[in-house]
Every structure is written in structure tokens, then in C-alpha cells.
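As a plain string of letters, each chain reads:
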Amino acid sequence: MINLGDDDDPNDVEAMLKYFYHGSYTTPLITSPGQDNLGKHLAMYLLADMYDAPTLRKEATTLLIACLKVLIDGEGRPGKTIDYSAISSIKQILGPGAGDFADKTLQEEVFQLVIANINRMYKNQLFRQLLSSGKMFDEDFGMKFACRTGEMLGRFYDSIPDHR
């Protein structure tokens, strides 16, 4: 028996090994917001990042982004707000306690997803609370967020005919 330490969930390590042998860790895409697929995909990404497994990292990134898109989009139903699990996962990836990722691809893709959906993000109370308390983004992503939203506001302001 090999002891991998106490840091990793044995089920996640088993899923990682399953991926290495079979090419999939078989977690379906979200079918209902109550499922913890976001957590599973993030755990798989973190293991892949730690053990430098690029193909697993790519698969986990793809599946995690797909899940986030479903939850941010409100499952395509107008008026449905962003699921809180999406905000919480984004905070885990981009927030102050996110840790140091060896590969920044997931963080960059999640950040771009946030920017692409900024109007919906601002409508979410948890997002606004975490943003205003400085807990949504770490220092680097906080600065990037401020710059990108500032650019967006500048373009909006410049598009108003009487304000040029």
C-alpha cells in the first residue's frame, strides 16, 4: 500500500488514478445545482496541478468551466440568478485563499468568464458582498478586475453622445 498523505481525499485520488487508466474520472456535467460537480472538478484540477498531470488538468478545467457556465447562465432561464455555488467556486479559484497554482490556465479562464458575465455577476448579492469586503479576488485578480471594469466603464461613458 502506498501512503499519499492525509491532504487528499481518497475518493479524489481514486478518481485521478481512474483517469490515468481509463481517460475519464466520470463525473457528469451538472444536471441540478445541488450536485457537487464543481467541487469534484476543482479537486481534480488541484490534484492534476499538484502532480503535474496536464491532460487531467485540461479535462478538469473544461468540465469545471462548463459547470460554471451553466450556473452563471441560470440554466438559460431569464430572471434566474447565478447559483451561489458558482460564486463560491470562483472565490476558491480567484480569491485570497486560492493558493499558488502551478498552471494559471484555470484561473485565467474563470476570470474571463467573470468579465464576460459581469452584468449578471453584479446582480448577485453574494458576489457584491465578497467584492466589497475584498474577499472575492486575491490582490492580483482584484487589480485586474478593477482595470477591466474601469475600461468597460470608460467605453460606456465615451459612448454617451454628450460626454465626449
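Cut-offs used in this document
Residues numbered from 1 in each chain as written. Predicted model: local features only at pLDDT ≥ 70, side-chain atom pairs only at ≥ 80, totals over all residues. Heavy atoms only, no water. Helix = DSSP H or I, 4+ residues; strand = E, 2+ residues; numbered from the N terminus. Buried < 20%, exposed > 50% of the residue type's maximum accessible area, 1.4 Å probe, protein only. Contact = heavy atoms within 4.5 Å. Areas by Shrake-Rupley, 256 points an atom, 1.4 Å probe, with all protein chains shown as cover. pLDDT = per-residue confidence, 0-100. Salt bridge = Lys/Arg side-chain N within 4 Å of Asp/Glu carboxyl O. Expected span 1.5 Å × (residues − 1). Core = buried A, V, L, I, M, F, W, Y, C linked by side-chain atoms within 4.5 Å. Patch = residues over 30% accessible without salt bridge, like charges linked within 9 Å, V, L, I, M, F, W, Y side chains within 5 Å. Arc of directions from axis to C-beta. Polar contact = N/O pair within 3.5 Å; in protein donor to acceptor, adjacent residues only side chain to side chain.

1. Topic: the overall build of the chain
Then comes step 1: Per the secondary structure count, the chain includes eight helices and zero strands.
Then comes step 2: Taking all 164 residues of the chain together, 37% fall into the buried category.
Then comes step 3: Considering only contacts within the chain whose residues lie at least 6 apart along the sequence, 64% involve residues at least 24 apart.
Then comes step 4: Looking at the chain as shown, the accessible area adds up to about 9800 Å², and 54% of this sits on carbon and sulfur atoms.

2. Things to note about the confidence of the model for the chain
Then comes step 1: Per-residue confidence for the chain gives a mean pLDDT of 82, with 84% of residues at or over 70.
Then comes step 2: Across the chain, element-level confidence peaks in helix 5 (residues 105-116) with a mean pLDDT of 96 and bottoms out in helix 1 (residues 10-22) with 76.
Then comes step 3: Across residues 29-34, where pLDDT falls below 50, the model places 15 contacts with residues more than four positions away in sequence or in other chains.

3. Quick notes on the environment of L56
Then comes step 1: Note that L56 resides in helix 3 (residues 54-72).
Then comes step 2: For the pair L56 and F20, spaced 36 residues apart in the sequence, the C-alpha separation amounts to 8.0 Å.

4. Observations regarding the pattern of salt bridges
When charged atoms on two side chains of opposite charge get close, those side chains can pair.
Then comes step 1: With the rule as written, the count across this model stands at six salt bridges.
Then comes step 2: Note that E108 is salt-bridged to K144, the shortest N-O span being 2.8 Å. Within this pair, whereas E108 is found in helix 5, its partner K144 is found in helix 8 (residues 139-159), the two being separated by 36 residues in sequence.
Then comes step 3: A residue is classified by how much of its surface remains accessible, and E108, at 31% relative accessible area, is partly exposed.
Then comes step 4: The exposure class assigned to K144 is partly exposed, which follows from its relative accessible area of 29%.
Then comes step 5: Within the structure, one salt-bridge network assembled from shared partners comprises D49, D52, R57 and D103.

5. A word on helix 3
Then comes step 1: For helix 3, which comprises 19 residues, the first-to-last C-alpha distance of 26 Å matches the rise-based estimate of 27 Å (1.5 Å per residue) to within 8%.
Then comes step 2: Along helix 3, the residues classified as buried are L56, R57, A60, T61, L63, L64, I65, C67, L68, L71 and I72.
Then comes step 3: Residues of helix 3 that are buried in the fold lie against helix 1, helix 2 (37-50), helix 4 (84-94), helix 5 and helix 6 (118-122).

6. Some words on the nonpolar core
Then comes step 1: Ranked by size, the top nonpolar core spans 44 residues in total, and within it I90, L94, L106 and V110 carry the most contacts.
Then comes step 2: Mapped onto this core, the elements with two or more residues apiece are helix 1, helix 2, helix 3, helix 4, helix 5, helix 6, helix 7 (125-132) and helix 8.
Then comes step 3: For this core, the element with the most residues is helix 3, which contributes nine residues.
Then comes step 4: Setting aside its immediate chain neighbours within four residues, L106 contacts L42, Y45, T61, L64, I65, I93 and F101.

7. Looking at unusual backbone geometry
Then comes step 1: Non-glycine residue D52 carries a positive phi angle of around 50°.
Then comes step 2: Of note, D52 is situated in the loop between helix 2 and helix 3.
Then comes step 3: Judged by relative accessible area, D52 falls into the exposed class, the value being 54%.

8. Observations regarding a nonpolar patch on the surface
Then comes step 1: On the surface, L17, F20 and Y21 cluster together into a nonpolar patch covering about 370 Å² of accessible area.
Then comes step 2: Relative to the helices and strands, L17 resides in helix 1.

9. Re helix 7
Then comes step 1: Those residues of helix 7 that sit buried are L126, F127 and L130. Down the axis of helix 7, the smallest arc covering the buried residues is 100°, so these residues share one side.
Then comes step 2: The opening residue of helix 7, the one whose side-chain oxygen lies 2.9 Å from the backbone nitrogen of L126, is N124.
Then comes step 3: Following helix 7 by one or two positions, G134 adopts a phi angle in the positive range, close to 75°.

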